[in-house]
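The chain contents come next:
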Amino acid sequence: MTLLKTDIRIKSLFFSSLFFLYFYPNLFNMSDKDTFFKYITEGNTTKGDFISVGAAMLNGETITGAHVKIPLKTMNRHGLIAGATGTGKTKSLQVLSENLSDKGIPVLLMDIKGDLSGLAQPSPGHAKIDERHEKIGLPFEAKSFPVEILTLSEQDGVRLRATVSEFGPVLLSRILDLSETQSGVVAVIFQYCDDNKMPVLDLKDFKKILQYATQEGKDEFTEAYGRISTASTGAILRKIVELEQQGADLFFGETSFDVDDLLRVNNEGRGYINIMRLTDIQDRPKLFSTFMLSLLAEIYSTFPEQGDSDRPELIIFIDEAHLIFNEASKALLNQIESIVKLIRSKGVGLYFVTQNPTDVPEGVLGQLGLKIQHALRAFTAKDRKAIKLTAQNYPDSEYYDTTEVLTSLGIGEALVSALDEKGRPTPLAATMMRAPMSRMDVLTDTELSNLLSNSKLVKKYNETIDRESAYEMLNEKIELTETEEAKEKAESKQRERYTTTRKSTAMNPIVKVLTSATFIRSVFSILTKVMKK
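Scope of this entry: the structure provided in the associated data block. (Residues numbered from 1 in each chain as written. Predicted model: local features only at pLDDT ≥ 70, side-chain atom pairs only at ≥ 80, totals over all residues. Heavy atoms only, no water.)

1. A look at the nonpolar core
Convention followed: What we call a nonpolar core is a set of buried Ala, Val, Leu, Ile, Met, Phe, Trp, Tyr and Cys residues that are connected through their side-chain atoms within 4.5 Å. When accessible area is computed with a 1.4 Å probe and restricted to protein chains, residues below 20% of their type maximum are described as buried, those above 50% as exposed, and intermediate ones as partly exposed. Each helix is a run of DSSP H or I of at least 4 residues and each strand a run of E of at least 2, with the numbering of both proceeding from the N terminus. Should any heavy atoms of two residues lie within 4.5 Å, those residues are counted as being in contact.
Residues Met110, Phe206, Phe288, Ile316, Phe317 and Phe352 are the most contacted members of the largest nonpolar core, which totals 137 residues. Looking at which element gives the most residues to this core, the answer is helix 11 (residues 285–302), with eight residues. When near neighbours in sequence (up to four residues on either side) are disregarded, phenylalanine 288 contacts Met110, Ile112, Leu278, Ile281, Ile318, Asp319, Glu320, Leu323 and Ile324.

2. A word on the layout of surface pockets
Inclusion rule: Definitions used for this entry: grid spacing 1 Å over protein atoms alone; cavity, a set of points where a 1.4 Å probe fits but cannot get out; pocket, an open set with protein on both sides within 12 Å along at least 5 of 7 lines; lining residue, one with an atom within 4 Å of a point. Grid points are joined across faces, edges and corners, and a volume is the space filled by probe spheres set on the points. Note that Gly is not counted as nonpolar here; it falls among the polar residues with everything else outside the nonpolar set of Ala, Val, Leu, Ile, Met, Phe, Trp, Tyr, Cys and Pro and the charged set of Asp, Glu, Lys and Arg.
In this structure, the largest pocket encloses a volume near 470 Å³. If you trace the largest pocket, you find 22 residues lining it, with Thr87, Gly88, Lys91, Ile411 and Gly412 closest to the centre. Going through the elements one at a time, helix 3 (89–102) and helix 4 (127–136) are the ones with two or more residues in the lining of the largest pocket. The leading source of residues in the lining of the largest pocket is helix 3, at four residues. Taken together, the residues of the lining of the largest pocket break down into six nonpolar, eight polar and eight charged. When its volume is computed, the second largest pocket comes out at roughly 320 Å³. Together, 17 residues line the second largest pocket, and Val147, Tyr272, Leu451, Asn454 and Ser455 are the ones closest to its centre. Those elements that provide at least two residues to the lining of the second largest pocket are strand 5 (147–151) and helix 17 (445–453).

3. Some words on unusual backbone geometry
Of note, the amide linkage connecting glutamate 254 to threonine 255 takes the cis form, showing an omega dihedral of 10 degrees. Structurally, threonine 255 can be placed in the loop between helix 10 (248–251) and strand 7 (273–277). Positioned with a positive phi, asparagine 59 is a non-glycine residue whose angle comes to about 55 degrees. Mapped onto the fold, asparagine 59 is located in the loop between strand 1 (50–58) and strand 2 (61–71). Given a relative accessible area of 77%, asparagine 59 falls into the exposed group. Positive phi outside glycine occurs at aspartate 177, with the angle close to 60 degrees. Within the secondary structure layout, aspartate 177 lies in the loop between helix 5 (164–176) and helix 6 (180–195).

4. Quick word on the environment of isoleucine 70
Tracing the backbone shows isoleucine 70 in strand 2. Spatially, the C-alpha atom of isoleucine 70 lies 7.6 Å from that of valine 53, the residues being 17 residues apart in sequence. Setting aside chain neighbours within four positions, we find isoleucine 70 in contact with Phe50, Ile51, Val53, Met75, Leu96, Leu370 and Ala418.

5. Examining helix 3
The condition is simple: Expected helix span is given by 1.5 Å per residue-to-residue step, counting one fewer step than there are residues.
The end-to-end C-alpha separation of helix 3 is 20 Å, in line with the 20 Å expected for 14 residues at 1.5 Å each. Within helix 3, 12 of the 14 residues are buried, leaving the element largely enclosed by the surrounding structure. Buried residues of helix 3: Lys89, Thr90, Ser92, Leu93, Gln94, Val95, Leu96, Ser97, Glu98, Asn99, Leu100 and Ser101, and no others. Residue glycine 104 follows helix 3 closely and has a positive phi angle near 85 degrees.

6. A short note on the packing of aromatic side chains
For any two aromatic rings, the description comes down to two numbers: the centre-to-centre distance and the angle of the planes. For clarity, the cut-off: Here a pair means two rings of Phe, Tyr or Trp (six-membered ring of Trp) with centres within 6.5 Å. Their orientation is stacked below 30 degrees between planes, edge-to-face above 60, and tilted elsewhere.
Counted under the stated rule, the structure contains 14 aromatic pairs. Between phenylalanine 36 and tyrosine 399, the aromatic rings sit 4.9 Å apart at their centres with planes inclined by 70 degrees, giving edge-to-face as the arrangement. With phenylalanine 36 in helix 2 (residues 27–43) and tyrosine 399 in the loop between helix 15 (381–391) and helix 16 (402–408), this residue pair connects regions lying 363 residues apart in the sequence. Tyrosine 399 carries the same exposure label as phenylalanine 36, and that label is buried. On the basis of an interplanar angle of 50 degrees and a centroid distance of 6.0 Å, the ring pair of phenylalanine 190 and phenylalanine 206 is categorised as tilted. Note that phenylalanine 190 is positioned in helix 6 and phenylalanine 206 in helix 7 (residues 203–214), a separation of 16 residues in sequence.

7. Overview of the packing of helix 7 against helix 8 (residues 218–225)
We apply this condition: Simply put, an axis is a line fit to the C-alpha atoms, just over the touching stretch for a helix, and the angle between two N-to-C directions goes from 0 to 180 degrees. Oblique is the label for any angle not covered by the other classes, which are roughly parallel (under 35 degrees), roughly antiparallel (over 145) and roughly perpendicular (65 to 115).
Relative to each other, helix 7 and helix 8 sit at 85 degrees, their axes nearing to 5 Å. In terms of orientation, helix 7 lies roughly perpendicular with respect to helix 8. Along its contact with helix 7, which presents Ile209, Tyr212, Ala213 and Thr214, the element helix 8 presents Lys218, Glu220 and Phe221. Residues that form the contact of helix 7 with helix 8 fall into these classes: four nonpolar, one polar and two charged.

8. Here's the deal with helix 15
Each turn of an α-helix holds 3.6 residues, which means side chains three or four residues apart point in the same direction. Going by this rule: Directions drawn from the helix axis to the C-beta atoms are what define this arc.
Within the sequence span of helix 15, burial applies to Ala386, Ile387, Thr390 and Ala391. Take helix 15 and look down its axis: the buried residues cluster within an arc of 135 degrees, on one side only. Helix 15 presents Ala381, Lys382, Lys385 and Lys388 as exposed residues on the side facing more than 90 degrees away from its buried surface.

In short, shape yes, function no, at least from these values alone.
Shown next as C-alpha cells:
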C-alpha cells in the first residue's frame, strides 16, 4: 500500500511539472534570468565613476538593466578591442571615446580607415538605435564631441613633428634596427652635437653629420672620439633613406609637438578627442611605428607619476595595431613591451584595436586588463585554432561556452571582460553594446574645413620652421675651413715666390756689381778718357 502511494505521488509530480512546462515555459527561465541578472549586477558594482558599455545577454536574449560597467579607476590598465571585419570594433572604440570625453578624460585615436571624424557631429538617430537602447535599459542621447584633427603627413590637420634630438641615440637606433656597433656610432654623433652645441632637428641634419664624421671632420672625430668606420656610417645612411621613403622627412623637424596639448579639456569640462588621420600611411608601417614609439616615450618621460589614481589622464586607441607589431624588430618590440608595462603609472591607458588577439604579442597581451571581443569567423582550420586560443584568454563562465559564443555573436555584440576596482576580472558577459551618440560616418569637406579653421593647434603647429641647425652649422664650418685652407695655400705660394726671388738674387753677385751705379759711372769715366785721347 505504501509503495502504491509513493508511486502515485511521483506520477503526480511528473504530470504537474509537464503541466507547468507546457503552459508556463518561461517560469524556470525566469529563475535563471534572475540569477544571471544578480550575478552580472553584483560583479559590476563600483564605488567610483564608471562607463556603461551595454547590457549582458543570456541565451541570445538581452537582459535589460544588467549593465556591463568599466570602472574609470582601472582604465589605465590598457585593453584590447578585437573582432572580424564588420562586427562593430570601430563603434565600440567610438562608444568608449565618447563616454571618456563626457567624463572629462582626453582621448587620442589612430584613425587608419578614416571613419572616426564623425565624432564631431551628433548622430542623426534611427529606430533601430532606439530599439537597441530600450533592450539595454539606457537612454539614447545624440550629441557631438570636441574634436581635434591631427596628421603626420600633408593631409589637412594639426601637423605632428618631433626633432631627431628628442628621440635620442637609443630610441633612434632601435627604430632604425641598428647593430651594436652602428648604435655606438649614433651615440658618438649625438655626443659630438652636444659638445659642439649643434641642434639636430631633422634627418637632413643627421645625414650631414654622418657624412662629416668620415669626410671633412674625420681627423676631428678621430682625435676626440676614435675612428669611425665608413662602412658603419654607410649602413646607417641606408637605413635613414629607407625611413625617408616612408615619409619620415615630414615627421622630423620643427615645430615639435607638445604632448601636453593632448590633455586639453573644453569649457564644458569635456575632454578633447584627438583624431590622428593615418589613411595615407597604411602602407608605411615604419613611419607609424616610429611615431607611436616616439609619442609613448615622450609621454612617459614628461607626464608626472599618478600612482593609484581614480581616473586616467589620457587614453590612446591604436587602430589596426598589427601595423606596429608586424614590422617591428625584436629590439623595438621589447621597447614597446617595456613602455606598455610602465606607462600606466603615468595615468595613460593603451587600447589596441585589431582583428585577432593573436596580432598582439603575448608580452603585451598579458598586460591588457579590458577585453572587448567581437565575433570571430571560423572559415579555416587555422581560424578554428585561433578561436580556441582566444577563448583561453577569457575567464571561465558557467553561463557561456566561450568558444561557441565567439562565432555566434551578432553585429554590435561582444564578449566583455574588465577589471574591477580591486584589479579582479569582472564576470564575463556577452554584451549588447550601446550605440555611439555621434555620427557613425565621416565629416564632409565643408565640416572638416570649418573644424580646422576654428582649431587653435593648427595655428600653433602648422608653420614650418627651418632655423639654423647642424646642417647649416657644418656647412658654414666646412666653408670656413675651405676658405682658410685656400688662404693659407695662397700665402704659402706667395712666400715661396718671395724666397725664390731672394735666392735668385743672392746667387748672382756679379750681376749685382755690374748693374750698380758706381760701376756704371766708372765705366763711363774710362770711356770718356779714352775718347779724348
